[in-house]
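Close look at the chain arrangement
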Amino acid sequence: MAEGQDEPVGESREEELVAARRAKADALRAAGVEPFPHSFEDVEAIASVLDTHEALENGEETESKHRVGGRLAARRGQGGAAFMDLVDRTGRIQLLVQSDHVGDEAFAAITDLDLGDLIGVDGTAIRTRRGELSLKVDAITLLAKSLRPPPDKHHGLKDVETRYRRRELDLIASEESRALFITRSKVISTIRRYLDDLGFIEVETPVLQPLYGGAAARPFTTHHNTLDKEFFLRIAPELYLKRLIVGGLERVYELGKDFRNEGISQKHNPEFTMLEWYEAYSDYMVIAGRLEEIVRECARAVAYEGEIDFESPWRRETLQESIHSRCGVDIVANRDRDSLAAAMKEKGLEVPETDTWAQLVDELLTKHVEPHLQQPTILFDYPKELSPFAKDHRSQDGLVERFEAYAGGMEISNAFTELNDPDEQRRRFEMQKADADAGDEEAQPYDESFIRALEQGMPPTGGIGIGIDRLVMLLTGSKTIREVVLFPAMRDEQ
RNA sequence: GGGCCGCUAGCUCAAUUGGCAGAGCAGGGGACUCUUAAUCCCAAGGUUGUAGGUUCGAUUCCUACGCGGCCCA
């Protein structure tokens, strides 16, 4: 052992395992072998090797040379021969190492490798008598010594907490987890391609904002030292994106993180990925069509095969109908708090005494409608009180042109025909201020620079936000947002 | 915020009524040239989440706290 007499007693088992691996690395260095070399060029994906030799017969050997790299995942000794499993991002391949082929010295070095070590392999393709496509090893190069033991090679890493806190271990141990995050990446690249092909330009607007807005949420705050000024982490990019529409960019989108200082749940992480796009000369109906199409493209790109039907046109209802048909309460006919509360009581529904009218509508929607919207559904035409940035409905008094889309019992999207009348926008901010004064912590702060931009003239515009994490949840069948976020927010371990 | 459940070796899991904390895998030593959760033999590996309490004796019962999961709000 490498440690001396003054090593603390009661050393943990894990530290012993680490010490044993470190000793191997030291022994390699002493023998002139670098355990952390700089590069290993021209590796081929394991999946490509497997594809190339798919038709190989059992027991057949080839002269076809391949170079692969990856992590040593399993080993089955056999005296003068050893079988090992190598894993890279694309798959797993068996290695056959024979002492009479590589030589006794190399064989000893190879069998001294630890599970979890990163290695480069040169070999020829064969199929074993038992039918497993393998590389018959000519040489193995240690690419990086793994000093810590990997999760169980068969059971993997089951502890949910460890999987989230130490995602690298989860990714090492779980092909499903790797596949999920590759799927997530495909969703995002599909979205970019879809919007790019329509002539949208991708933009980046401030994450650190002097004033927050564009959603009903409480912000995180931070401080800029040089400016000695408080900043907010954005809760949405909406207002900046609309300023770009004023500026004539006409079709813009932003894909990035928003931050909301609220509870953590299976559907909420304090930072999450949002797509917003804005399209000049458009309205919410055009946007609704694009939403269906972009989600369908994503489902196809990831070969979605779950129970949600993303191929057919989505179910469409008004918000009023959606609540009335399920609760028997008409929110449009009961436009004040007391009459809506009375209507709810009449139907035997619970009425939280402190709620405002808007909060009662939200209660009805969240509790009695949303959970039933498993198949994709778009709810149109929201009350003006709930929607400070949506344009008045072209034919319905008191409503705005807004929709929310639901699937899997979850809101995934929110869109408007954007309010572009600066005077009306100013009145909406005044309404928000009244709500804030009444104690609503999610009310919009008055944003004068946004109003000034609208006064410059914004064309009729449709805009939308789509929750990417939730979309990925649906497309991967994940029950919690933590499964689709690489490093979800956690409390401190101690 | 409330209720319930969990926390034991690096990983996956046991432990009867409160009575010396056990396996498998991984790691160490050995055997084995077509295995694939390889197999076989040997040895080793623990502050049972933390802090208290009850008890002759606590992984087990009680209290508090921490972290996580599920359900509810």
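Contact geometry of helix 7 (residues 175-197) with helix 9 (residues 284-301) gives a least axis separation of 9 Å together with a crossing angle of 135°. Relative to helix 9, the element helix 7 is oriented oblique. Read as a crossing pair, helix 7 and helix 9 show a hand that is right-handed. The segment helix 7 lies against helix 9, with Lys186, Val187, Thr190, Ile191, Tyr194 and Leu195 engaging Arg290, Glu293, Ile294, Glu297, Cys298 and Ala301. Residues of the contact of helix 7 with helix 9, tallied by class, amount to seven nonpolar, one polar and four charged.

Our next topic: the protein's contact with RNA strand B. Near RNA strand B, the surroundings consist of 41 residues, among which Gly77, Arg130, Lys153, Glu161 and Arg482 are the closest. Taking all atoms of RNA strand B within 4 Å of the protein, the share assigned to sugar and phosphate is 62%. In the environment of RNA strand B, a sugar or linking oxygen lies 3.5 Å from a nitrogen or oxygen atom belonging to the backbone of Ala81. Of all the secondary-structure elements, those providing two or more residues to the surface near RNA strand B are helix 1 (13-30), strand 1 (61-78), strand 2 (81-88), strand 3 (91-98), helix 3 (99-102) and helix 5 (160-165). In terms of residues, the surface near RNA strand B owes the most to one element, strand 1, which gives five residues. Of the residues belonging to the surface near RNA strand B, the class tally is nine nonpolar, 13 polar and 19 charged.

Attention now goes to the sheet that holds strand 13 (residues 377-383). Taken together, eight strands build an open sheet; the order of strands is 6-10-11-16-15-14-13-12 and the sheet is mixed. Of all strands in the sheet, those bounded by a partner on one side alone are strand 6 (201-202) and strand 12 (315-318). Relative to strand 11 (residues 271-280), strand 10 (residues 251-259) is paired through nine bridges, and the arrangement is antiparallel. Each residue of the ladder has a partner; that of Phe259, found in strand 11, is Glu271.

It is worth spelling out the pattern of salt bridges at this point. Per the counting criterion, the structure on display carries 44 salt bridges. The shortest N-O distance in the salt bridge between Asp117 and Lys145 comes to 2.8 Å. Here Asp117 is found in the loop between helix 4 (104-111) and strand 4 (118-127), whereas its partner Lys145 is found in the loop between strand 5 (133-144) and helix 5, with 28 residues between them in sequence. According to the relative accessible area criterion, Asp117 is buried, its value standing at 0%. Residue class for Lys145 comes out buried when judged on its relative accessible area of 7%.

If you trace the backbone, Ile412 turns up in strand 15 (residues 410-417). Spatially, the C-alpha atom of Ile412 lies 41 Å from that of Asp85, the residues being 327 residues apart in sequence.

This part is about the pairing of strand 15. Here strand 15 lies mainly inside the structure; six of its eight residues are buried. Alignment of strand 14 (residues 399-407) against strand 15, held across six bridges, turns out to be antiparallel. Along strand 15, the bridge assignment pairs Arg402 with Phe416. Remark: two residues form the turn of the hairpin made by strand 14 and strand 15, two consecutive strands paired antiparallel; Gly408 in that turn has positive phi of roughly 60°. One ladder, built from five bridges, connects strand 15 with strand 16 (residues 461-467); its direction is antiparallel. Residue pairing for strand 16: Ser413 is matched across the bridge by Ile466.

Per-residue confidence for chain A gives a mean pLDDT of 94; residues scoring 70 or more make up 98%. Counting interchain partners and residues more than four positions distant, the pLDDT-below-50 stretch residues 1-10 has one contact.

A full pass over the atoms with the stated rule returns eight aromatic pairs. With centroids separated by 5.2 Å and ring planes inclined at 70°, the aromatic side chains of Tyr304 and Phe310 adopt a geometry described as edge-to-face. Following the ring pairs from residue to residue traces out a cluster consisting of Phe389, Phe429, Tyr446 and Phe450. Above the face of the Phe40 ring, Arg67 is positioned so that its terminal group lies 3.9 Å from the ring centre. Here the basic side chain of Lys229 rests over the ring of Phe231, its NZ or CZ set 5.4 Å away from the ring centre.

Taken domain by domain, chain A comprises domain 1 (13-144) and domain 2 (176-314 + 375-483). Using only C-alpha atoms to locate each centre, domain 1 and domain 2 end up separated by 48 Å.

Topologically, Ser282 is positioned in the loop between strand 11 and helix 9. Ignoring any residue separated from it by four or fewer positions in sequence, one finds Ser282 in contact with Ile287, Pro460, Thr461 and Gly462.

The rules behind the values
- Residues numbered from 1 in each chain as written.
- Chains lettered and ligands numbered in written order.
- Predicted model: local features only at pLDDT ≥ 70, side-chain atom pairs only at ≥ 80, totals over all residues.
- Heavy atoms only, no water.
- Axes fitted to C-alpha atoms, helices over the stretch in contact; angles between N-to-C directions.
- Helix = DSSP H or I, 4+ residues; strand = E, 2+ residues; numbered from the N terminus.
- Parallel < 35°, antiparallel > 145°, perpendicular 65-115°, else oblique.
- Left-handed = near helix turned anticlockwise from the far one by under 90°.
- Contact = heavy atoms within 4.5 Å.
- Nonpolar A, V, L, I, M, F, W, Y, C, P; charged D, E, K, R; others polar.
- Near = heavy atom within 4 Å.
- Polar contact = N/O pair within 3.5 Å; in protein donor to acceptor, adjacent residues only side chain to side chain.
- Pairing = 2+ DSSP bridges.
- Salt bridge = Lys/Arg side-chain N within 4 Å of Asp/Glu carboxyl O.
- Buried < 20%, exposed > 50% of the residue type's maximum accessible area, 1.4 Å probe, protein only.
- pLDDT = per-residue confidence, 0-100.
- Phe/Tyr/Trp six-rings, centres within 6.5 Å; stacked < 30°, edge-to-face > 60°.
- Lys NZ or Arg CZ within 6 Å of the ring centre and 35° of its normal.
- Domains from an automatic or database assignment.

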